[in-house]
Amino acid sequence: MRTQNLHPWDLTPREAIQLQKRLRKRIQTTGRLSRRIRYIAGADISWDPATKKGYAGVIVFSWPGLFEVDRASAQGPATFPYVPGLLSFREGPLLLEAFQRLKVEPDLIFFDGHGVAHPRRFGIASHLGLLLQKPSIGCAKSRLIGEFIMPRARRSAQSPLRHDGKIIGSVLRTRLNTQPIFISTGNRIRLVEAVKWALACSDGTRIPKPTREADRWVDQLRKTDLNVAMPSSPSYAVA
């Protein structure tokens, strides 16, 4: 899967912020999806706090049905510090490496993070959606910025997430009596369509299946790698 090479990754946090402000002008949040959706991907990354090593994973599902058709991963050290609002510069290189290893190219991508519901309207779903040139959705478990009224407790209830007088996302219930999730446009999709796809991909649990399964997998990759790397305890004979 090809990606656009729009910028280097070896930036300072200050340079990264300026880049976000420039690239956000390229994000498309209006218009309808330009092609039929046949494959949907979920992408996530898990970090080991001790080694600062990341485990990125992408799983592709067929639509309809959400049957897995492909998956790819990448591992490596963090090359950018943890800075709130600059998540994509820490996670982007490894996630793009995983996307490049896919054999089945997705038509729509869910990211575990925010899109335009971001201080500079350029979260990880927008950033990587732009580089991958694909419709993308930010699907986050918690709010980064904005104000909202808690939606009703029924499934599909939602309320707008607002910031500086503008709607930047949707606070969405995907399940009865469960905490809502925060949906925002990444790139090349309208918010109303992003919400529709989030509900369509929710199969009875809080988190839509593509991101939920990617989240589980990257945690497994991290734990498996740590178990392999950890030396076994010596055995002692009992007299």
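Data block above holds the structure.
In this report, we go over the structure that sits alongside the text. (Residues numbered from 1 in each chain as written. Predicted model: local features only at pLDDT ≥ 70, side-chain atom pairs only at ≥ 80, totals over all residues. Heavy atoms only, no water.)

A few words now on the side chain of His114. Relative to the elements of secondary structure, His114 occurs in the loop between strand 4 (108–111) and helix 3 (124–132). A distance of 3.0 Å separates the side chain of His114 from the backbone oxygen of Ser142, its partner in a polar contact. (Helix = DSSP H or I, 4+ residues; strand = E, 2+ residues; numbered from the N terminus. Polar contact = N/O pair within 3.5 Å; in protein donor to acceptor, adjacent residues only side chain to side chain.)

Another point: the sheet that holds strand 2 (residues 53–62). Taken together, the eight strands give an open sheet; going across it, the order is 3-2-1-4-5-8-7-6, and neighbouring strands pair in mixed fashion. The two strands at the open ends of the sheet, each matched to only one other strand, are strand 3 (68–77) and strand 6 (158–163). When the angles between neighbouring strand axes are averaged without regard to direction, this sheet yields 25°. Sitting on the sheet, helix 3 is in contact with strand 4, strand 5 (136–140) and strand 8 (181–187), with an inclination near 30° to strand 8. (Pairing = 2+ DSSP bridges. Axes fitted to C-alpha atoms, helices over the stretch in contact; angles between N-to-C directions. Contact = heavy atoms within 4.5 Å.)

Bringing the pairing of strand 6 into the picture now. Along any regular strand, the residues point their side chains to alternate faces of the sheet. The pairing of strand 6 with strand 7 (residues 166–172) spans six bridges and is classified as antiparallel. The residue bridging Arg162 from the neighbouring strand is Ile167, located in strand 7. Once strand 6 ends, the chain turns through two residues before running back antiparallel as strand 7, passing Asp164 with a positive phi of about 55°.

Before going further, it helps to examine empty space enclosed by the protein. One water molecule sets the probe size; rolling that probe over the atoms shows where empty space is left. Inspection of the entire model under this criterion finds one cavity of 30 Å³ or more. A volume near 30 Å³ is recorded for the largest cavity. Surrounding the largest cavity, Ala43, Asp44, Ile45, Glu91, Leu95, Phe111, Asp112 and Ile124 form its lining. Listing elements by their share of the lining of the largest cavity, those giving two or more residues are strand 1 (39–48) and helix 2 (87–100). With three residues, the top contributor of residues to the lining of the largest cavity is strand 1. By residue class, the composition of the lining of the largest cavity is five nonpolar, no polar and three charged. (1 Å grid on protein atoms, 1.4 Å probe; cavity = no way out; pocket = protein on both sides within 12 Å on 5 of 7 lines; lining within 4 Å. Points joined across faces, edges and corners; volume = space filled by probe spheres on them. Nonpolar A, V, L, I, M, F, W, Y, C, P; charged D, E, K, R; others polar.)

Turning to helix 3, a few remarks are in order. Of all nine residues in helix 3, nine are buried; the element is thus mostly enclosed. Along helix 3, the positions that sit buried rather than exposed are Ile124, Ala125, Ser126, His127, Leu128, Gly129, Leu130, Leu131 and Leu132. Where helix 3 is buried, its residues meet helix 1 (13–23), helix 2, strand 4, strand 5 and strand 8. Within two residues after helix 3, Gln133 carries a phi angle of roughly 60°, on the positive side. (Buried < 20%, exposed > 50% of the residue type's maximum accessible area, 1.4 Å probe, protein only.)

A complete count under the given rule lists five aromatic pairs for this structure. When the ring of Trp63 is compared with that of Trp197, the centres are 5.1 Å apart and the planes differ by 70°; the resulting orientation is edge-to-face. Of this pair, Trp63 sits in the loop between strand 2 and strand 3 while Trp197 sits in helix 4 (residues 191–200), placing them 134 residues apart in sequence. Relative accessible area serves as the criterion here: at 25%, Trp63 is assigned to the partly exposed category. (Phe/Tyr/Trp six-rings, centres within 6.5 Å; stacked < 30°, edge-to-face > 60°.)

Purely spatial values, then, with no claim about function.
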